[in-house]
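In case you want the letters, here they are:
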Amino acid sequence: QVQLVESGGGLVQPGGSLRLSCAASGTIASISSMGWYRQAPGKERELVARITSGSSTNYADSVKGRFTISRDNAKNTVYLQMNSLKPEDTAVYYCNAGVRTYSGRYRYDDYWGQGTQVTVSS
């Protein structure tokens, strides 16, 4: 039905930058909010940033001023620009989206990507 495919993770030195992308595809009628979460080893998954269909955003305190979330509604894609990266940003980053689909009737479901590894290390 709907797939979220992330890209852009990798290894970067402290202070460096990365840009994550997540593209949604499938039988999509509309997408409400989209977001990025992360999970470090031994820790709970946590919200990094979210953006609504109207482009309102919210961020975790730990990334405010360093990360920027944006979206391209025409491409069903959400981005996360990460600057001034720190070792504590190391985690698997997951894309999330609330998607409305139509297959004879409308339904609303929450979808997750497969995750992309971000490692910040010298």
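For the structure itself, look to the data block above.
This write-up is about the structure you can find in this document. (Residues numbered from 1 in each chain as written. Predicted model: local features only at pLDDT ≥ 70, side-chain atom pairs only at ≥ 80, totals over all residues. Heavy atoms only, no water.)

Some points on the overall build of the protein chain
(1) Moving on: Helices and strands together make up the secondary structure of the protein chain, namely zero helices and 11 strands.
(2) Moving on: Along the protein chain, helices and strands appear, N-terminal first, in the series β-β-β-β-β-β-β-β-β-β-β.
(3) Moving on: A compact globule built from 122 residues would reach a C-alpha radius of gyration of about 14 Å, and the protein chain, at 14 Å, matches this within 12%.
(4) Moving on: Considering only C-alpha atoms, the protein chain reaches an extent of 50 × 25 × 25 Å along its principal axes.
(5) Moving on: Of all 122 residues assigned to the protein chain, the portion counted as buried reaches 42%.
(6) Moving on: For the protein chain, long-range pairs separated by at least 24 residues make up 55% of all intrachain contacts whose partners lie at least 6 apart in sequence.
(7) Moving on: Element-wise, carbon and sulfur atoms account for 46% of the exposed surface of the protein chain, whose accessible area totals about 6,400 Å².
(8) Moving on: For the protein chain, the distance from the average site of its 13 positive side-chain charges to the average site of its 9 negative ones is 5 Å. (Helix = DSSP H or I, 4+ residues; strand = E, 2+ residues; numbered from the N terminus. Rg over C-alpha atoms; globule rule 2.2 N^0.38 Å. Buried < 20%, exposed > 50% of the residue type's maximum accessible area, 1.4 Å probe, protein only. Contact = heavy atoms within 4.5 Å. Areas by Shrake-Rupley, 256 points an atom, 1.4 Å probe, with all protein chains shown as cover. Lys, Arg positive; Asp, Glu negative; His and termini not counted. Charge placed at Lys NZ, Arg CZ, Asp CG, Glu CD.)

Some details on the state of the cysteines
(1) Moving on: A full pass over the atoms with the stated rule returns one disulfide.
(2) Moving on: Paired by a disulfide, C22 and C95 hold their sulfur atoms 2.1 Å apart. Its S-S torsion of about -80 degrees marks the bond between C22 and C95 as left-handed, since a negative value means left-handed. Note that C22 is positioned in strand β3 (residues 18–26) and C95 in strand β9 (residues 91–102), a separation of 73 residues in sequence.
(3) Moving on: Judged by its relative accessible area of 0%, C22 is buried. (Disulfide = S-S within 2.5 Å.)

Things to note about the packing of aromatic side chains
(1) Moving on: Under the criterion given, the structure shown has two aromatic pairs.
(2) Moving on: Between Y102 and Y106, the ring centres sit 4.7 Å apart and the planes meet at 55 degrees, which makes this aromatic pair tilted.
(3) Moving on: The class for Y102 is partly exposed, based on a relative accessible area of 43%.
(4) Moving on: A cation sits over an aromatic face here: R19 above Y79, 4.1 Å from the ring centre.
(5) Moving on: The ring of W112 carries the charged tip of R45 above its face, separated from the ring centre by 4.7 Å. (Phe/Tyr/Trp six-rings, centres within 6.5 Å; stacked < 30°, edge-to-face > 60°. Lys NZ or Arg CZ within 6 Å of the ring centre and 35° of its normal.)

So, the sheet that holds β3
(1) Moving on: As summarised here, the arrangement of the four strands in space is β1-β3-β8-β7, forming an open sheet in which the pairing is antiparallel. For this open sheet the edge positions go to β1 (2–7) and β7 (67–72), each flanked by a neighbour on one side alone. The average angle at which neighbouring strand axes cross in this sheet is 15 degrees, direction not considered. (Pairing = 2+ DSSP bridges. Axes fitted to C-alpha atoms, helices over the stretch in contact; angles between N-to-C directions.)

Things to note about the side chain of R66
(1) Moving on: Tracing the backbone shows R66 in the loop between β6 (57–59) and β7.
(2) Moving on: Contact partners of R66, with chain neighbours within four places excluded, come to Q81, M82, N83, S84, L85, K86 and D89.

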